[in-house]
Amino acid sequence: PVRGQAQIDCGQFEGVCKVDWIIGCSMFISRDVLLTVGVLDDRFFFGWEDVDLCVRATRSGFKVLFAPGSRIWHKAHPPGKSERLSGLPVYYATRGHFIFMEKHCTKLQFASSVSYFIITLPRIMWGYSLLLHQWKTPMYILWGFLDYLRRKW
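Just so you know, these numbers come straight off a predicted model, no measurement behind them.

This paragraph deals with unusual backbone geometry. In this structure, Phe45 takes a positive phi of about 65° despite not being glycine. Within the secondary structure, Phe45 is located in the loop between α1 (31–37) and α2 (49–59). Exposure remark for Phe45: the relative accessible area of 58% places this residue in the exposed category. A positive phi angle is found at Arg151, which is not glycine, with a value near 60°. In this fold, Arg151 is placed in the segment after α6 (136–149). Residue classification places Arg151 among the partly exposed positions, given a relative accessible area of 40%.

Have a look at this one:
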């Protein structure tokens, strides 16, 4: 989860702290990190590329830190759940999830994740269709997975 998302700031986020990842729109990255771990992996395109970079940096001995004094204005998703969960963002999130898992998990973890996804796919698609009152978006989940399998970046 995004640190502090949907929480009222009552001072609980005042200290610098180590985190697993930082949203890409608010990263400050040192030259040393980029020279050591490389740049963002363009196979992701939208979503997961920031998490991937942070994992690679951490594994190379760098720290990923939350700096409470930093400020950024980022117009992200619209406020409505149906807009946030529609179409291409769901496609890229699904495809990126599997690219990330393949890069960073063991073969057993990856196989388990794919198996779980395939087994639960009908339930996931049904849940999205009920939430959004349409079938178009759930089809983007399937499309994202199939494009991952086809290696279509």
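With that out of the way, let us pick up the packing of helix α5 (residues 107–132) against α6. For the pair α5 and α6, the least separation of the axes is 8 Å and the interaxial angle reads 160°. As judged from the angle between their axes, α5 and α6 are roughly antiparallel. Contact with α5, carried on its side by Phe110, Val114, Phe117, Ile118, Leu121, Ile124, Met125, Tyr128, Ser129 and Leu132, involves Thr137, Pro138, Met139, Ile141, Leu142, Phe145 and Tyr148 of α6 and no other residues of that element. Here the contact of α5 with α6 is built from residues that sort into 15 nonpolar, two polar and no charged.

What counts and what doesn't
Every chain is numbered independently, its residues counted from 1 as its sequence is written. Given that this is a predicted model, residues contribute local features only at a pLDDT of at least 70 and side-chain atom pairs are listed and counted only at 80 or more, while totals for whole chains, interfaces and linings are drawn from all residues. Excluded from the side-chain calculation are hydrogens and water; included are all heavy atoms of the structure. Strands here are runs of E lasting at least two residues and helices are runs of H or I lasting at least four, both read from the DSSP assignment and numbered beginning at the N terminus. In this scheme, a residue with accessible area under 20% of its type's maximum is buried, one over 50% is exposed, and one in between is partly exposed, where area comes from a 1.4 Å probe on protein chains only. An axis is simply a line fitted to the C-alpha atoms; with a helix, the fit covers only the stretch in contact. Between two such axes, the angle follows the N-to-C directions and lies from 0 to 180 degrees. With respect to orientation, any angle under 35 degrees is reported as roughly parallel, any angle over 145 as roughly antiparallel, any angle of 65 to 115 as roughly perpendicular, and every other angle as oblique. Two residues form a contact once any of their heavy atoms are found within 4.5 Å. Residue polarity follows a fixed list, in which Ala, Val, Leu, Ile, Met, Phe, Trp, Tyr, Cys and Pro are nonpolar, Asp, Glu, Lys and Arg are charged, and the others, Gly among them, are polar.

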